Amino acid sequence: MKKIILPLAICAAGLFASCSQSRLDIDQKGVIPEEAFYITDEDAESAATAMYHGFLTNMCTVKALGANIYVGYLFAFNLPGDDVYAACKEYGNNDFQACVDEFRFDPSSDIISTTYRNLYLTNYYCNLITDHFKYGESSIKDRVISEARVMRAWIHMTLAIGWGTPPLVDHVLVGSDRPTNTPKAETMKHIMEDLETAAKYLPARNGMDDKDGAVRMTRDAALAFLGKAQVLTGDYAAAKITLKKVINSGNYSALTEGQWYDTQTGFNKANQAWMWAICIDSEDNAVHTWEAFTPNMSTECSTGTAD
């Protein structure tokens, strides 16, 4: 038996040794190396698209893309209250929501842990942009960097509101990084610096009918979030000045009575009350907000809210 195995082993070794290194070293298809990507304005636009898509898939939980069937962020911040009731045919069938609705949750509860994780997953796309692009290279890159900083600021403000002292993560983490809890005052200071800087480079929404200006970060969104951050830190005088800039821009207005009914349909999406929104059109021309978007954000700073 040994005489048979030994020749076979020698033949196998010879066979693998004879393989050409060039045939084994095959470039991966459909992938752009990192060092060859973050260069041009087109790359910056693509990175921004990936960032918004990352928000969509992580925060809006679109079923068609295989994510969860509920909006974790919306439930985490709205179920603990009287305006939402987690119900089902039988008590206990919907316990992952009911435990939040009934204040029986803890940090490990599905909705809470998923929301926390997905906020940081979304933040990763923002940090990819701010790590690889620098201000001053082009107006397009300046805008994309600023959009990323506004989204990152919103993410950390949401984390600070919900978790108090979450880690401040303003760069792509590597294996040696060990982020720890950050004092809330430090996080809020970083948030406001991000928003103040970004507002200098972003265009404002171009009037109430500018739908493109409602579905990506603008100067108005940066100022609205900055005003909210100033309120949260108790700087009401500064918040009044900041929010008045949004109100006086003429780009937003409260909805009319007739608009409330179809405000989340395709016919009335991105209207004058939308500060910033991620939305999806379906075949019935509706924007399904519970799957596609968090309503709290769509009216983050309409004129009525800012007043």
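You'll find the structure just up there.
(A) Representation of the overall build of the chain in the model. A tally of regular secondary structure across the chain gives 14 helices and zero strands. Each helix and strand of the chain, ordered N terminal to C terminal, gives the series α-α-α-α-α-α-α-α-α-α-α-α-α-α. Contacts in the chain between residues at least 24 apart in sequence constitute 59% of all its contacts with a sequence separation of at least 6.

(B) Spatial organisation of the pattern of salt bridges. Inspection of the entire model under this criterion finds ten salt bridges. Of the charged contacts, one joins R216 and E45 as a salt bridge, the two residues approaching to 3.9 Å between their closest N and O atoms. Here R216 is found in the loop between α8 (184-199) and α9 (219-232), whereas its partner E45 is found in helix α3 (residues 41-59), with 171 residues between them in sequence. What makes R216 partly exposed here is its relative accessible area of 29%. When the shortest N-O distance is used, the salt bridge between E102 and R104 registers 2.8 Å. The exposure class assigned to E102 is partly exposed, which follows from its relative accessible area of 30%. Overall, R104 belongs to the partly exposed group, its relative accessible area being 40%. Among the ionic contacts, a cluster of salt bridges with common partners joins E45, R143, E147 and R216.

(C) Geometry of the nonpolar core. Core analysis: the largest hydrophobic core is formed by 50 residues, its most contacted members being F55, I129, V150, M151, L195, M217 and F225. Contributions of two or more residues to this core are made by α3, α6 (110-132), α7 (139-163), α8 and α9. If you tally residues by element for this core, the top one is α7, at eleven residues. Core analysis: the next-biggest nonpolar cluster, separate from the first, contains eleven residues, L74, A86, A98 and I111 among them.

(D) Structural context of the packing of α3 against α7. The N-to-C vectors of α3 and α7 enclose an angle of 20°; their axes lie 9 Å apart at closest approach. Classified by the interaxial angle, the pair formed by α3 and α7 is roughly parallel. In this structure, the crossing between α3 and α7 has a hand that is left-handed. Taken together, the residues of α7 that come into contact with α3 (itself represented by D41, A44, E45, A48, M51, Y52 and F55) are I140, K141, R143, V144, E147, A148, M151 and W154. In terms of residue class, the contact of α3 with α7 is made up of ten nonpolar, no polar and five charged.

(E) Here's a closer look at unusual backbone geometry. Its identity is not glycine, yet F103 carries a phi of approximately 60°, on the positive side. Along the chain, F103 falls in the loop between α5 (95-101) and α6.

(F) Inspection of α9 at higher detail. The terminal C-alpha atoms of α9, which comprises 14 residues, lie 20 Å apart, in line with the 20 Å expected from a rise of 1.5 Å per residue. Within α9, ten of the 14 residues are buried, leaving the element largely enclosed by the surrounding structure. Where α9 is buried, its residues meet α7, α8 and α10 (236-247). Just downstream of α9, G234 is the residue with a positive phi angle, here 85°.

The rules behind these values
- Residues numbered from 1 in each chain as written.
- Predicted model: local features only at pLDDT ≥ 70, side-chain atom pairs only at ≥ 80, totals over all residues.
- Heavy atoms only, no water.
- Helix = DSSP H or I, 4+ residues; strand = E, 2+ residues; numbered from the N terminus.
- Contact = heavy atoms within 4.5 Å.
- Salt bridge = Lys/Arg side-chain N within 4 Å of Asp/Glu carboxyl O.
- Buried < 20%, exposed > 50% of the residue type's maximum accessible area, 1.4 Å probe, protein only.
- Core = buried A, V, L, I, M, F, W, Y, C linked by side-chain atoms within 4.5 Å.
- Axes fitted to C-alpha atoms, helices over the stretch in contact; angles between N-to-C directions.
- Parallel < 35°, antiparallel > 145°, perpendicular 65-115°, else oblique.
- Left-handed = near helix turned anticlockwise from the far one by under 90°.
- Nonpolar A, V, L, I, M, F, W, Y, C, P; charged D, E, K, R; others polar.
- Expected span 1.5 Å × (residues − 1).

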